[in-house]
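In case you want the letters, here they are:
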Amino acid sequence: MASSSGPALNEELLCSICLEVFTDPVTTPCGHNFCRTCLSKCWTNTQTCFCPLCKDTFSKRPDLKINTTLREVVQHFKEKLNLGESEVFCDICDERKQKAVKTCLTCQSSYCVSHLEPHRRVPRLKKHKLINAVENLEDYICQKHERPLELFCRDDQTCVCLFCTEGEHRTHNTVPIEEESREKKNQLVQTQTDVYQTIQDRMKKIQEIKHSVEMRKRNTEKEKSSSVELFTDLIRSIERCQSEQLKMMEEQQKAAEKQAEDLIKELEQEITELKRRNTELEQLSHTDDHLKLLQIFYPLSLSLSLSLSLYSRPHSKNWTEIRIDSDVNVISLIIALTELKKTLETLNEKLRQTGLTWAQKFAVDVTLDPDTANPYLILSEDGKQVSHGDIRRNVPENPKRFEAICVLAKQGFSSGRFYYEVLVKGKTEWDLGVARESINRKEVIRLRPDNGFWTVALRNENEYLACESPPVSLSLRVKPEKVGVFVDYEEGLVSFYDVESRSHLYSFTGQTFTEKLYPFFSPGDNDEGKNSNPLIISPLLD
């Protein structure tokens, strides 16, 4: 691990693993830099090599070579930091002062290599306290007793000498400075580890966010594809209606022409008959045979060849009421629009039902888990119903049991898709959805995704909510009596449906699931009997 060079280190020259200045920096194929030792430790005992910063994986272990340019920059930076540091010289040298290597806190002097020799050899001097050469020697000496600061008082959080422990620090908790220093270094190492873990957690969160965005993008593409398909069907329906309308108009035009042709033919026949009769009447009006004329009007014999009906006013249709309808196009248009409206309604119904129909294919058998039920809840023997009993039951202690008014299913899911339905008819309050396995069960917490809950709820009999942060109000045309819950684990999707109207209520999208999800139920408070109806898990499987 690299060693720190001072508090003024530039962030670009720090290794993101050890958080210290680079030592023998190497560069990964993705372009990030690390200490060679740090990266080697990170890849120890692992078959897959990846970048600790961006998480890119490499098919084979890269052949890492020292980035000489970066190493030179780091070295230049270190040298620059050390320019302003003053050197400590030997207090014993007379002529040319040599650089001191050690400072003796007992003698309160600094020594070069030559003059330090007695402290290495003489038994009495070997007991003296030696440290690396320092310029500010007074910081290491007790100003009151002029003795080395060898101990640390934990009560007063200060360094003291041995004489101090015989006076005002006599009853205090004192330890050697080296011991306290080791503990503080251990704390620093732990803090460093925590910081590194925090960095890893933040990088993981970045990947989760990117994954959520990618999932949302995929869902959007699917929705776009569905919309295109829907509008393509709509356009085809309009074109089909238009074609049928034109065909109908042509057929009605042909029918009108045929009707006109038949009426004209009938009129021409009637005109011919009327002309013939008119000729006969004309002839009769000029006859001199008075007897024959009278016999026609007053028939006396059955053998007469002509009858009164022949010369009476001929029967004719009331042609004033007969016409060819000129509004064929309007009628066709009305019929076409009616058909188009029916088609649109059919398509809309198809769109609303497709999601639920598809989700119901993933139905699972769900049973309530009594070990998780709040003591006020009453579960049916078959584990399919739950209600609030108003009386706290004497139940065994269990770490899985909720303090809040809720219960989980026995079945948990960590992959794939699943769907279940719950009857909520007659209730004024309820919560339904899914929850992750590690949720806090011993405190009442808000139901929302960041706490591990994905639910919808009913409040005050008519207020429907999606339990987001903040909650989202749902405007529903009808009051659901049965609610369907669908989960796609890999897609990060939780959807809710009104089963009776086959309509979509709400969806949590782009979620990231990392542990088991359990169906979640809360029947709400009894509310003096107003909300006594149970939540009932509906059977879906044979």
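Since the structure is predicted, the reported quantities are computational estimates derived from the model, not experimental observations.

Caption draft 1: Layout of the overall build of the protein. Broken down by element type, the protein carries eight helices and 23 strands. The burial tally for the protein puts 33% of its 542 residues in the buried class. Partitioning the intrachain contacts of the protein with sequence separation of at least 6 by distance along the chain shows that 57% fall at a separation of at least 24. Accessible surface computed for the protein: about 34800 Å², of which carbon and sulfur atoms make up 51%.

Caption draft 2: Region of the structure containing the packing of aromatic side chains. Under the counting rule described, the total for this entry stands at 12 aromatic pairs. Plain terms: the ring middles of Phe496 and Phe508 are 6.3 Å apart, the flat faces sit at 70° to each other, and that makes the pair edge-to-face. Pair noted here: Phe496 is in strand 20 (residues 493–498) and Phe508 is in strand 21 (residues 503–508), with a separation of 12 residues, a long-range link. Assessed through its relative accessible area of 0%, Phe496 is described here as buried. What makes Phe508 buried here is its relative accessible area of 0%. Measuring from ring centre to ring centre gives 5.2 Å for Tyr506 and Phe508, while their planes differ by 80°; the resulting arrangement is edge-to-face. According to the relative accessible area criterion, Tyr506 is buried, its value standing at 15%. Each member of the aromatic cluster is reached from another via a ring pair, and the members are Trp358, Phe362 and Phe486. In this structure, Arg147 is placed above the aromatic ring of Phe163, and the distance from its NZ or CZ to the ring centre is 5.4 Å.

Caption draft 3: Focus on the sheet that holds strand 7 (residues 130–132). If you walk across this open sheet you meet the three strands as 6-5-7, and the pairing is antiparallel. At either end of the open sheet lies a strand with only one pairing partner, and these are strand 6 (109–111) and strand 7. Sheet twist, expressed as the average angle between the axes of neighbouring strands with direction ignored, equals 35°. As judged from the three bridges shared by strand 5 (residues 102–104) and strand 6, these two strands associate in the antiparallel manner. For Cys104, the partnering residue across the bridge sits in strand 6 and is Ser109. Relative to the sheet, helix 3 (residues 113–121) contacts strand 5, strand 6 and strand 7, its axis offset from that of strand 6 by approximately 110°.

Caption draft 4: The arrangement of the state of the cysteines in detail. Throughout the structure, instances matching the rule amount to zero disulfides. Just so you know, Cys15 is unpaired, no disulfide at all, and the nearest cysteine sulfur is the one on Cys18, 3.9 Å from it. The class of Cys15 is buried, set by a relative accessible area of 1%. No disulfide involves Cys164; its nearest neighbouring cysteine sulfur is the one of Cys161, lying 3.5 Å away.

Caption draft 5: Expanded view of empty space enclosed by the protein. As enumerated under the stated definition, the model contains one cavity of 30 Å³ or more in all. Put simply, the largest cavity is a space of about 40 Å³. Elements that contribute at least two residues to the lining of the largest cavity include exactly strand 16 (453–459) and strand 17 (463–466). Tallied by class, the residues present in the lining of the largest cavity amount to nine nonpolar, no polar and no charged.

Caption draft 6: Quick look at the pairing of strand 22 (residues 517–522). Taken across its six residues, strand 22 has six buried, putting it largely inside the fold. Bridge count between strand 13 (residues 407–408) and strand 22: two bridges; the pairing is antiparallel. Of the residues in strand 22, the one forming a bridge with Leu408 is Phe520. Pairing analysis gives six bridges linking strand 15 (residues 430–436) to strand 22, with the strands arranged antiparallel. Bridge pairing in strand 22 places Arg436 opposite Leu517.

Caption draft 7: Seen up close, the confidence of the model for the protein. The predicted model of the protein averages 81 in pLDDT, with 82% of residues at 70 or higher. Residue range residues 1–9 is modelled with pLDDT below 50. Its contacts to residues more than four positions away, or to other chains, number 26 contacts.

Caption draft 8: A look at the environment of Gln192. Mapped onto the fold, Gln192 is located in helix 5 (residues 177–285). For the pair Gln192 and Cys18, spaced 174 residues apart in sequence, the C-alpha separation works out to 7.6 Å.

Caption draft 9: Layout of the pairing of strand 14 (residues 417–423). Burial analysis of strand 14 places five of its seven residues in the buried class, the great majority of the element. Examined bridge by bridge, strand 14 and strand 19 (residues 482–488) share seven bridges and lie antiparallel to one another. For Tyr420, the partnering residue across the bridge sits in strand 19 and is Val485. Of the strand pairs in this sheet, strand 14 and strand 23 (residues 535–537) are connected by two bridges, and their pairing is antiparallel. Considered in strand 23, the bridge of Val422 is made with Ile537.

Caption draft 10: Region of the structure containing the side chain of Ser387. Here Ser387 lies in strand 12 (residues 385–388). Those residues in contact with Ser387, other than ones at most four positions away along the chain, are Tyr376, Leu377, Ile378, Pro523, Ser532 and Pro534.

Caption draft 11: Looking closely at unusual backbone geometry. With an omega of 0°, the peptide bond running from Ser469 to Pro470 counts as cis. By secondary structure assignment, the location of Pro470 is in the loop between strand 17 and strand 18 (472–474). Here the phi dihedral of Asp24 falls at roughly 50°; this positive angle occurs in a residue that is not glycine. For Asp24, the position within the fold is in the segment before strand 1 (25–27).

Caption draft 12: Spatial organisation of the sheet that holds strand 10 (residues 174–176). Strand order in the open sheet formed by three strands is 9-8-10, with antiparallel pairing between adjacent strands. In this open sheet, the two edge strands, each paired with only one partner strand, are strand 9 (158–160) and strand 10. The average undirected angle you get between the axes of adjacent strands in this sheet is 35°. Pairing analysis gives three bridges linking strand 8 (residues 151–153) to strand 9, with the strands arranged antiparallel. Across the sheet, Phe152 pairs through a bridge with Cys159, a residue of strand 9.

Caption draft 13: Local environment of a negative patch on the surface. Taken together, the side chains of Asp390, Asp525, Asp527 and Glu528 define an acidic patch exposed on the protein surface. Relative to the assigned elements, Asp525 resides in the loop between strand 22 and strand 23. Accessibility expressed as a relative area gives 42% for Asp525, which makes it partly exposed.

Definitions and limits used
Residues numbered from 1 in each chain as written. Predicted model: local features only at pLDDT ≥ 70, side-chain atom pairs only at ≥ 80, totals over all residues. Heavy atoms only, no water. Helix = DSSP H or I, 4+ residues; strand = E, 2+ residues; numbered from the N terminus. Buried < 20%, exposed > 50% of the residue type's maximum accessible area, 1.4 Å probe, protein only. Contact = heavy atoms within 4.5 Å. Areas by Shrake-Rupley, 256 points an atom, 1.4 Å probe, with all protein chains shown as cover. Phe/Tyr/Trp six-rings, centres within 6.5 Å; stacked < 30°, edge-to-face > 60°. Lys NZ or Arg CZ within 6 Å of the ring centre and 35° of its normal. Pairing = 2+ DSSP bridges. Axes fitted to C-alpha atoms, helices over the stretch in contact; angles between N-to-C directions. Disulfide = S-S within 2.5 Å. 1 Å grid on protein atoms, 1.4 Å probe; cavity = no way out; pocket = protein on both sides within 12 Å on 5 of 7 lines; lining within 4 Å. Points joined across faces, edges and corners; volume = space filled by probe spheres on them. Nonpolar A, V, L, I, M, F, W, Y, C, P; charged D, E, K, R; others polar. pLDDT = per-residue confidence, 0-100. Patch = residues over 30% accessible without salt bridge, like charges linked within 9 Å, V, L, I, M, F, W, Y side chains within 5 Å. Salt bridge = Lys/Arg side-chain N within 4 Å of Asp/Glu carboxyl O. Lys, Arg positive; Asp, Glu negative; His and termini not counted. Charge placed at Lys NZ, Arg CZ, Asp CG, Glu CD.

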